Amino acid sequence: ETLDKGLEKSKSSFFGKLSKAVAGKSKVDDDVLDDLEEVLVSSDVGVNTTLKVIERIEARVAKDKYLGTDELNTILREEIASLLSETNLGEETDFIIPQDKKPYVIMVVGVNGVGKTTTIGKLAYQFKKQGLKVVLGAADTFRAAAIDQLQVWADRVDIPIVKQSMGSDPASVAFDTLKSAVTQNADVVIIDTAGRLHNKVNLMNELTKVKRVMQKVVDNTPNDVLLVLDGSTGQNAFEQAKQFTAATEVTSLAVTKLDGTAKGGVVIGISDQLKIPVKYIGVGEGIEDLQVFNKFEFVDSFFK
Ligand code: GDP
C-alpha cells in the first residue's frame, strides 16, 4: 500500500492519460497506438523502450487481427512486466544481504543532489533494524557538506562512520572504513563516493582506485556498486546512468523521488535499456521511505 501511495502520481497520470487515449474507441488501431506511444514517452519510459513496447503490441494486433481497447491494459501490463523481467532482480520484497559475505560492501555512486546520502541513511537504517552491524564510509571528500550530511545520518541511525577531513583521498577513507569494519566484525559497509561527473576520466580513476584499495582489505569488494538516480529528472537520470556505467561497473540501481512525480515510467526505460536491476526505490524524505523494488508490485501499481 505504501508503494501504491508513493507512486500515486505516476499511476494516476499514466492511467489518466491512457484512458483518455482510448476513450470512445473500441479497438486498438493506428491512432490508439500513436496515442499510446505519446503516453509512454510523456511518462518518461524513454523513446527506445516505448518503441519496443509499441512494436510488441503491434505484433499482437497483427497476429490476432483484432485487439479491443479493453484488453490493452492487460497486454501492456504483460509487455512491461516482461521487459522488467529481463533484468534478473526485482523479485525480492525484503532488504537482504547475502550471509556468506562479511562484511558485505556496498559502494554508492551518483551525482550530487540525487538523494545519495539520504538513500545511504535509509539503507543503513533497514540493515540495522535487522540486527546487522553497519559501518558508513564518507569517501565523498570533495564537499564538506557531503561528509557532514552523512554524519547526520550516522547519528540518526546510531551507527559508526569513518571519515577524514574534506579534500582527503577517497581511497584512503575507503581503506580505513574497511579496516575498521573488519576489526568491528561488521556485517555491512556502505561507502559514499564523490558525486562529480564533470570529468569522466577523473571519476573513472577515482572509482577504480577506491575499488582497488578496498580489495587490499577484503577480497572481491565492493560486492555491490549501487548507482543512485533521481527519478523525478526523467530522461536526465537515464543520461547520468549512461555516464556512470561508462566510468565503472554498476551492479544495481536506486531510483529516488518517485513520490510526487509523474515520471515513474523512467524505471521501466532504465531497466530495459541498461539491463541493470533496480534494487531500491525512494518514495519520500523520511527514514522509512525506501523500498525494495519489486517488479510485480511496480507493474501492479501502474495498472491496478
Ligand atoms: P545527495 O547530494 O545526492 O547526497 O542528496 P541528498 O541525500 O542530500 O538529497 C537531496 C534532497 O533530496 C534532500 O532534500 C532529500 O531529503 C531529498 N530526497 C532524497 N530522496 C528522496 C525521495 O525518495 N523522495 C523525496 N521526495 N525526496 C528525497
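Quick note: structure is the one above.
Calculation criteria
Residues numbered from 1 in each chain as written. Predicted model: local features only at pLDDT ≥ 70, side-chain atom pairs only at ≥ 80, totals over all residues. Heavy atoms only, no water. Helix = DSSP H or I, 4+ residues; strand = E, 2+ residues; numbered from the N terminus. Rg over C-alpha atoms; globule rule 2.2 N^0.38 Å. Buried < 20%, exposed > 50% of the residue type's maximum accessible area, 1.4 Å probe, protein only. Contact = heavy atoms within 4.5 Å. Areas by Shrake-Rupley, 256 points an atom, 1.4 Å probe, with all protein chains shown as cover. Lys, Arg positive; Asp, Glu negative; His and termini not counted. Charge placed at Lys NZ, Arg CZ, Asp CG, Glu CD. Pairing = 2+ DSSP bridges. Axes fitted to C-alpha atoms, helices over the stretch in contact; angles between N-to-C directions. Salt bridge = Lys/Arg side-chain N within 4 Å of Asp/Glu carboxyl O. Parallel < 35°, antiparallel > 145°, perpendicular 65-115°, else oblique. Left-handed = near helix turned anticlockwise from the far one by under 90°. Nonpolar A, V, L, I, M, F, W, Y, C, P; charged D, E, K, R; others polar. Patch = residues over 30% accessible without salt bridge, like charges linked within 9 Å, V, L, I, M, F, W, Y side chains within 5 Å. Expected span 1.5 Å × (residues − 1).

Engineer: Go over the overall build of the protein chain, please, and point to the residues and values.
Structural biologist: Across its full length, the protein chain carries 12 helices and eight strands. The C-alpha atoms of the protein chain give a radius of gyration of 21 Å, which matches the 19 Å a tight globule of 304 residues would have. Taken along its principal axes, the extent of the C-alpha atoms in the protein chain is 65 × 40 × 35 Å. Per-residue burial over the protein chain gives 55% buried out of 304 residues. Partitioning the contacts of the protein chain with sequence separation of at least 6, the portion at a separation of at least 24 is 77%. Counting only carbon and sulfur atoms, one obtains 48% of the accessible surface of the protein chain, whose full area is about 13,100 Å². The positive charge centre, built from 37 side chains, and the negative charge centre, built from 44, are 5 Å apart in the protein chain.

Engineer: Could you give an account of the sheet that holds strand 7 (residues 278-282), with specific residues and numbers?
Structural biologist: Reading across the sheet, the eight strands line up as 3-2-4-1-5-6-7-8 and stay open at both edges, with mixed pairing between neighbours. Of all strands in the sheet, those bounded by a partner on one side alone are strand 3 (161-162) and strand 8 (290-292). The sheet contact formed by strand 7 and strand 8 spans three bridges and is antiparallel. Along strand 8, the bridge assignment pairs Y280 with V292. In the packing of helix 7 (residues 144-157) onto the sheet, contacts are made with strand 2 (134-139), strand 3 and strand 4 (188-193), and the angle to strand 2 comes to roughly 170 degrees.

Engineer: Quick one: what's the story with the pattern of salt bridges, residue by residue and with numbers?
Structural biologist: Counted by the stated rule, this structure contains 16 salt bridges. The residue D64 makes a salt bridge to K63 at a minimum N-O spacing of 3.8 Å. Of the charged contacts in the structure, one is a salt bridge between K257 and D230, with a shortest N-O distance of 3.3 Å. You can see K257 sitting in the loop between strand 6 (252-256) and helix 11 (266-274) and its partner D230 sitting in strand 5 (residues 224-230), a full 27 residues away along the chain. Overall, K257 belongs to the partly exposed group, its relative accessible area being 33%. What makes D230 buried here is its relative accessible area of 7%. Connected through salt bridges with shared partners, the residues R56, R60, E78 and E79 form a single ionic network.

Engineer: Explain the packing of helix 5 (residues 69-85) against helix 11 residue by residue, including any values.
Structural biologist: Viewed as axis vectors pointing N to C, helix 5 and helix 11 meet at an angle of 45 degrees, and their least axial separation amounts to 8 Å. As judged from the angle between their axes, helix 5 and helix 11 are oblique. Judged by the twist between their axes, the crossing of helix 5 over helix 11 is left-handed. Of helix 11, the residues touching helix 5 (which contributes I80, L83 and L84) are V267, I268, S271 and D272. Its residues placed into classes, the contact of helix 5 with helix 11 shows five nonpolar, one polar and one charged.

Engineer: Give a description of a nonpolar patch on the surface that names residues and reports values.
Structural biologist: Side chains of V41, V47 and L51 sit close together on the surface and give an oily, nonpolar patch of about 220 Å² of accessible area. In this structure, V47 sits in helix 4 (residues 47-64).

Engineer: I'd like a rundown of helix 4, residues and numbers included.
Structural biologist: For helix 4, spanning 18 residues, the distance from its first C-alpha to its last is 26 Å, which sits close to the expected 26 Å at 1.5 Å a residue. Of the surrounding elements, those touching the buried residues of helix 4 are helix 3 (30-42), helix 5 and helix 11. K65 sits one or two positions beyond helix 4 and adopts a positive phi of about 65 degrees.

Function cannot be read off these values alone, since they describe shape.
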